[in-house]
Amino acid sequence: MAKKIVSDIELKGKTVLVRADFNVPMKDGEITDDNRIVQALPTINYIVEQGGKIVLFSHLGTVQEESDKQELTLKPVAEALSTKLNKNVVFVPETRGEQLEQAIQELNEGDVLLVENTRFEDVDGKKESKNDAELGKYWASLGDVFVNDAFGTAHREHASNVGIAANLETVA
C-alpha cells in the first residue's frame, strides 16, 4: 500500500492536525536556533494555501514537574512562527479543554494555531510520553486529518503522533 502525503488529500475547510518538531534550543526564553521551525514552514504554508485550518502539536524539552512548565512553554515558538509566516499564530496555553476546543472552532481557513507543549501532559502520569490512549483519542477528535511532519520524533510512541494517528486519517 502506498503511503499518502499531504498533497494527496483535500484540505480546504478541514481542521488539519500537524505534529511538528519545534523542540528548539532555548536560553532565557529565547530561541537560539530556529532551524526546526524553518523546516516546518513548507508543510504549514502548503496547508494554509489549500485552505486548511492548522492545529500544530509539538513537545519542547522534558517536562517532569509543574515548575518545568514556565521555561518549557511553546509561546516563544508561536511568536517566532508568527514572524516567519507573516501572520498571527494563535497560541493556546493549554493541552486540552474548553479553551483549546473553542479556539479551534473559531479558526478560519488558512489560520494557524499552536497547542501548548504536549509534554505538559507528562506531569500527571506521563500521558504524552507513554501514549495514553484516551489522550491520543481526545487530540484526534479535534481535527479531520493528521499530518505527521515531525520525522525526527516519528520513532517515539507518544500520544501526539502514534496516539492521534491511531484514531484519524493520517498522511506524511
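Residues numbered from 1 in each chain as written. Predicted model: local features only at pLDDT ≥ 70, side-chain atom pairs only at ≥ 80, totals over all residues. Heavy atoms only, no water.

A. Geometry of the pattern of salt bridges. For the structure on display, the rule yields eight salt bridges. In this structure, the salt-bridge partner of Lys12 is Glu109, at a minimum N-O distance of 2.7 Å. Of the two residues, Lys12 is situated in the segment before strand 1 (15-19) and Glu109 in the loop between helix 3 (98-105) and strand 6 (112-115); the sequence distance between them amounts to 97 residues. A salt bridge links Glu66 to Lys69, with the shortest nitrogen-to-oxygen separation between them at 3.2 Å. Residue classification places Glu66 among the exposed positions, given a relative accessible area of 52%. (Salt bridge = Lys/Arg side-chain N within 4 Å of Asp/Glu carboxyl O. Helix = DSSP H or I, 4+ residues; strand = E, 2+ residues; numbered from the N terminus. Buried < 20%, exposed > 50% of the residue type's maximum accessible area, 1.4 Å probe, protein only.)

B. Summary view of the sheet that holds strand 7 (residues 145-148). Taken in spatial order, the six strands of this open sheet run 5-6-4-1-7-8, and their pairing is parallel. In this open sheet, the two strands that pair with only one neighbour each are strand 5 (89-92) and strand 8 (170-171). Where strand 1 and strand 7 come together, four bridges link them in parallel fashion. Residue pairing across strands places Arg19 opposite Asn148, the latter belonging to strand 7. Strand contacts of helix 1 (residues 35-49): strand 1, strand 4 (53-57), strand 6 and strand 7, with the helix running at about 155° to strand 4, the strand carrying the most contacts. (Pairing = 2+ DSSP bridges. Contact = heavy atoms within 4.5 Å. Axes fitted to C-alpha atoms, helices over the stretch in contact; angles between N-to-C directions.)

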